[in-house]
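Chain and residue survey
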Amino acid sequence: MAGRTFVFDLDGVVYRGEQLLNGAVDTIETLRQLGHQVYFFTNNSSKTREFYVEKLQRMGIATDVEHIMTASRATALYLMEQGAQGKSVYMIGEDGLREALLSAGVKLVDDISAEKVDYVVVGIDHGFSFEKLVTAQQAIFGGAKLIATNPDLTFPGENGRVTPGNGALVAAVEAASGVKATVIGKPSPTAIHEILALAGSTPEEAVIVGDRLDTDVLAGKRIGAVTVLVLTGITSQADVDSAPPEMQPDVVIKSLPELLGKAL
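Below you will find a few notes about this structure. (Residues numbered from 1 in each chain as written. Predicted model: local features only at pLDDT ≥ 70, side-chain atom pairs only at ≥ 80, totals over all residues. Heavy atoms only, no water.)

Side note on the pattern of salt bridges
- This structure, assessed with the given rule, holds 11 salt bridges.
- We note a salt bridge from Glu 174 to Lys 180, for which the minimum N-O separation is 3.7 Å.
- Classification of Lys 180 by relative accessible area gives exposed; the value is 69%.
- Between Lys 186 and Asp 216 there is a salt bridge whose closest N-O contact spans 2.7 Å. In this pair, Lys 186 is assigned in the loop between strand E12 (182-183) and helix H7 (190-199) and Asp 216 in helix H8 (residues 213-223), connecting sequence segments 30 residues apart. As far as the burial class goes, Lys 186 and Asp 216 line up, both buried.
- Several salt bridges converge on common partners, so that one network encompasses Glu 18, Glu 54, Lys 55 and Arg 58. (Salt bridge = Lys/Arg side-chain N within 4 Å of Asp/Glu carboxyl O. Buried < 20%, exposed > 50% of the residue type's maximum accessible area, 1.4 Å probe, protein only. Helix = DSSP H or I, 4+ residues; strand = E, 2+ residues; numbered from the N terminus.)

Okay, here's the thing in structure tokens:
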């Protein structure tokens, strides 16, 4: 394995909640010692990149914000590319998304009756409510474009617990408005291309490591990278066996330490 760029998902791959997964620290450190670049890309939009730097460092993994991509950051980059600076946004989401959107130069609005809303952006929101659903629906009826930070229907927690993900919230907004969202995070390849540009790497040199077939693996397949599925998160071997060709990973491992023994 010479000179590759590894892009690791976080939840279900490096950790589950506050539970560091077996071998994650040693595997990542060994890859770096072998001369590979290591980046992290989470579809979780709730926290800032600085939060993930602190969390990983607390767990024994050194990194910085330039090596972390979040669905919130990817959404902010997308809005900037769309020339959305100064546009109004109704946000369903938490601090990580709020900070990213403000960095993109958009105006966040809560009272959609006061002005026209240009975008409705939906990220994971543990305070999601019927009122927020109605507000998003009405803004879309008024012409706002619907954007989803990521499509993950479920989220892997500690001790094997699985909870609803942002995709469940997006599905509710789509159903209420009759409009399909533009999805920014994985499996969209846009943010991964951004990572590879920062790394000075090509898709052929990239290895995407994740726990989901419909986001991590599909994103990697779409750019022509090597895809590695680790069975410590959402996906089981039975899921892999029944997956369509476009979601079949190149390599399946039971835990991260197995990665070091693979010829990628």
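Focus on the packing of helix H5 (residues 130-141) against helix H6 (residues 166-177)
- In contact at an axis separation of 9 Å, H5 and H6 are set at 50° when each is read in the N-to-C sense. Our classification of the angle between H5 and H6 gives oblique. In this structure, H5 crosses over H6, and the sense of that crossing is right-handed. Residue-level inspection shows Leu 133, Ala 136, Gln 137, Ile 140 and Phe 141 of H5 in contact with H6, the latter providing Ala 172, Val 173, Ala 176 and Ser 177.
- Class assignment of the residues belonging to the contact of H5 with H6 gives a composition of 7 nonpolar, 2 polar and no charged. (Axes fitted to C-alpha atoms, helices over the stretch in contact; angles between N-to-C directions. Parallel < 35°, antiparallel > 145°, perpendicular 65-115°, else oblique. Left-handed = near helix turned anticlockwise from the far one by under 90°. Contact = heavy atoms within 4.5 Å. Nonpolar A, V, L, I, M, F, W, Y, C, P; charged D, E, K, R; others polar.)

Notes on the packing of aromatic side chains
- In total, this model carries 3 aromatic pairs according to the counting rule given.
- Ring geometry for Phe 51 and Tyr 52: centres 5.3 Å apart, planes at 85°, overall edge-to-face.
- Every member of this aromatic cluster is reached through a ring pair, and the members are Phe 6, Phe 8 and Phe 40.
- Lying across the ring of Phe 51, Lys 47 places its NZ or CZ 5.2 Å from the centre.
- Between the NZ or CZ atom of Lys 55 and the centre of the ring of Tyr 15, over which it lies, the distance is 3.8 Å. (Phe/Tyr/Trp six-rings, centres within 6.5 Å; stacked < 30°, edge-to-face > 60°. Lys NZ or Arg CZ within 6 Å of the ring centre and 35° of its normal.)

Quick notes on the nonpolar core
- Core analysis: the biggest nonpolar cluster contains 27 residues, and Phe 41, Met 69, Leu 79, Leu 101, Tyr 119, Val 121 and Ile 192 have the highest contact counts within it.
- At the level of secondary structure, the elements contributing two or more residues to this core comprise strand E4 (37-42), helix H3 (71-81), strand E6 (88-92), helix H4 (95-103), strand E8 (119-122), H7, strand E13 (206-210) and H8.
- In terms of residue count, the dominant contributor to this core is H7 (5 residues).
- Once residues lying within four places of it in the same chain are set aside, the contact partners of Tyr 119 are Leu 79, Gln 82, Ala 84, Lys 87, Ser 88, Val 89, Tyr 90, Ala 144, Lys 145 and Ile 147.
- Ranked by size, the runner-up nonpolar core spans 26 residues in total, among them Val 53, Leu 56, Val 230 and Leu 256. (Core = buried A, V, L, I, M, F, W, Y, C linked by side-chain atoms within 4.5 Å.)

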